[in-house]
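Here is what each chain is made of, one letter per residue.
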Amino acid sequence: MLQNEKRKYLILLLPFALLILLFELMPLANILINSFLEPGTGGITLSNFTTIFTSDYYLMSIKNSLFVSVLSAFIGIAIALLGAYAIHAAGDRMKKFYITTLNMTSNFQGIVLAFAFILLLGNSGILTTLGERWNLAGLNNYDLYTTSGILITFIYFQIPLATLLLYPSFDGIKTEYKEAASLMNATTWQFWSKIGLPLVLPSIFGTFSVLFSNALAAYATPYALLGNNFALLPIRISSMFTGDIVQQVELGSALSIVMLVLMSTMTVLSNSLLKKFRKGV
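Residues numbered from 1 in each chain as written. Predicted model: local features only at pLDDT ≥ 70, side-chain atom pairs only at ≥ 80, totals over all residues. Heavy atoms only, no water.

> Help me get a handle on the nonpolar core, residues and values and all.
Considering soluble globular proteins, one finds that nonpolar side chains tend to be buried as a cluster. I52 and L255 are the most contacted members of the largest nonpolar core, which totals 38 residues. For this core, the secondary structure elements donating two or more residues are α2 (47–54), α3 (56–89), α4 (92–106), α7 (147–170), α9 (188–216), α11 (233–241) and α12 (249–280). At nine residues, the largest contribution of residues to this core is made by α12. Ignoring sequence-local partners within four residues, the contact set of L255 consists of I52, Y58, L233, R236, I237 and M240. By size, the runner-up hydrophobic cluster in this structure holds 19 residues, among which are F117, L121, A215 and F230. (Core = buried A, V, L, I, M, F, W, Y, C linked by side-chain atoms within 4.5 Å. Buried < 20%, exposed > 50% of the residue type's maximum accessible area, 1.4 Å probe, protein only. Helix = DSSP H or I, 4+ residues; strand = E, 2+ residues; numbered from the N terminus. Contact = heavy atoms within 4.5 Å.)

Put into structure tokens, the structure is as follows:
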């Protein structure tokens, strides 16, 4: 009976396994192979990676991507923690409203999000025009088409995703814990530093890893804002595969591997920090 049930489960998993093979493993293997091929000759080489790490042009893309990804993840989590706690403390009706709103806003990204920010903060945007008319500092001369503009759009779509990922962790902070801390005359700071934060911290580590990867791979929003005029890894990778004149598949594959290594490194680092934290606890 057990063997028959295992066979049924394996049969049901076949479509999923086929999708993984065709759309993840095979493309990944193809990119990995191409990254070590010499353009034109097809020989095995490391020149593609040498070109990336010796060129200021590509190093700038890596630095900009890391800067925007790390900073947007930090700021997104900082704001999302407040929102997640508000959801935890809200009643059932308000909680449903918050979660529904977050689900809607978390899917509002890409080209649509870029156009929304152009309408608000572009050269002739609503807020920019009001800032010029009323001489509001920070708005009257704001330039959306810079690093700060990219950062703002990234933070916007990081916040709802981070809030959705973090708010369930606050449910682990039970009322009994707060009552016990109150009976022991613990201050609010002592409660959150000794009890609340350790309970939420594992979710923070995991959420940061997700947000970092989410921002690092984001393509549609920055491309809609600045096209190829801003150095980011996804934009550089896309230009290698879709060049109108010359396509550089091998170099684009090597850049893709670099981006994959950055994502994997952040995931491994987050997991290792989480394990050390749990051992300390």
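Right, picking up where we left off after that structure.
> How would you sum up α11? Please name residues and give values.
Within α11, seven of the nine residues are buried, leaving the element largely enclosed by the surrounding structure. When α11 is considered as a whole, its buried residues turn out to be L233, P234, I235, R236, I237, S238 and M240.

> Residues and numbers for unusual backbone geometry, please.
Where the residue is not glycine, phi is negative for most of them; where a peptide bond is considered, it is trans in most cases. A positive phi angle, near 55 degrees, is found at N135, a position not held by glycine. If you trace the backbone, N135 turns up in the loop between α6 (126–134) and α7. Judged by its relative accessible area of 59%, N135 is exposed.

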